[in-house]
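# Structural features, examined
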Amino acid sequence: MLQVGDRAPAFTLLDQKGNKWRLTDHKKKRVALFFYPKAGTGGCTEQAIGLRNLLPELTNVAVVGISADSPAKQAAWDEKHGFQFPLLSDPESKIAKKYGIFGPKKLYGREYEGIARSLFLISAAGRVERSWIKISPKATSIELASALELSLIHISEPTRQEAISYAVFCLK
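## Section: the environment of A139
Along the chain, A139 turns up in helix α4 (residues 137-147). With a relative accessible area of 1%, A139 lands in the buried category. For the pair A139 and G50, spaced 89 residues apart in sequence, the C-alpha separation works out to 8.7 Å.

Right under this line is the structure:
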C-alpha cells in the first residue's frame with residue numbers, strides 16, 4: 001500500500017477520447033487521482049459529479065479518474081455528465097494494483113476482485129501527499145477540498161450542501 005511521501009507509480013493509460021495520458025506529463029501540477037469501480041453506476045457518478053463541481057476552485061490541480069471500463073464506456077458516461085476531466089481506462093487493473101487498491105470485495109454476499117474507491121493527492125514532485133482508501137462517493141470531493149484548504153463558501157450549492165450534510169454526519 002502506498003504511504004504519504006512515496007513516489008506515485010508512473011503510468012500511461014488511454015482516456016475517454018482514446019488519447020494517451022501520462023502522469024509524468026503533469027509534473028508542474030498536483031494531481032487528484034481518483035479510482036472508481038464502474039462508470040455509470042450511482043456511486044461512481046455521485047463521486048465524479050462532486051469532483052466536477054469542485055473544478056472551478058481547483059487551481060493548479062489536475063483531476064483524473066481511473067476504472068477498468070473501456071474508453072468507449074468512459075466516453076458515453078462523460079458525454080452524459082460533462083465531467084471536464086480525463087477518465088482513464090485500466091482494463092486489467094494494473095495501475096490499481098500498483099496503487100494497492102485492487103483486491104477482494106463483497107457485494108450482496110458475493111465475493112469478487114475489484115477496485116476500491118480511492119483518492120490520491122499527488123504533489124507536483126510526483127509524491128503521494130494524501131490518500132483516502134475506500135472513501136465514500138460523497139466524501140471524495142469534500143476530503144479533497146479540505147486537503148487543499150478550499151473554502152466551501154465558493155463551492156457550488158449542491159457540493160456545499162453535501163459537505164454540510166457529511167460534516168453533520170461525521171459529528172454524530
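So much for the structure itself; the text now carries on.
## Focus: unusual backbone geometry
Phi angles above zero are rare outside glycine, and N60 is one such case at about 65°. Within the fold, N60 resides in the loop between α1 (42-54) and β4 (61-67). Taking relative accessible area as the criterion, N60 reaches 47% and is therefore assigned partly exposed. A positive phi is found at Q84, a non-glycine position, where the angle reads about 70°. Here Q84 lies in the loop between α2 (71-81) and β5 (87-89).

## Examining the packing of α1 against α4
Close contact between α1 and α4 brings their axes to 7 Å; oriented N to C, the two are set at 25°. Accordingly, the angle class assigned to the pair α1 and α4 is roughly parallel. As α1 packs across α4, the resulting crossing turns out to be right-handed. Within the contact between the two elements, α1 uses G43, E46, Q47, G50, L51 and L54 and α4 uses P137, K138, T140, S141, L144 and A145.

What counts, and at which threshold
Residues numbered from 1 in each chain as written. Predicted model: local features only at pLDDT ≥ 70, side-chain atom pairs only at ≥ 80, totals over all residues. Heavy atoms only, no water. Helix = DSSP H or I, 4+ residues; strand = E, 2+ residues; numbered from the N terminus. Buried < 20%, exposed > 50% of the residue type's maximum accessible area, 1.4 Å probe, protein only. Axes fitted to C-alpha atoms, helices over the stretch in contact; angles between N-to-C directions. Parallel < 35°, antiparallel > 145°, perpendicular 65-115°, else oblique. Left-handed = near helix turned anticlockwise from the far one by under 90°. Contact = heavy atoms within 4.5 Å.

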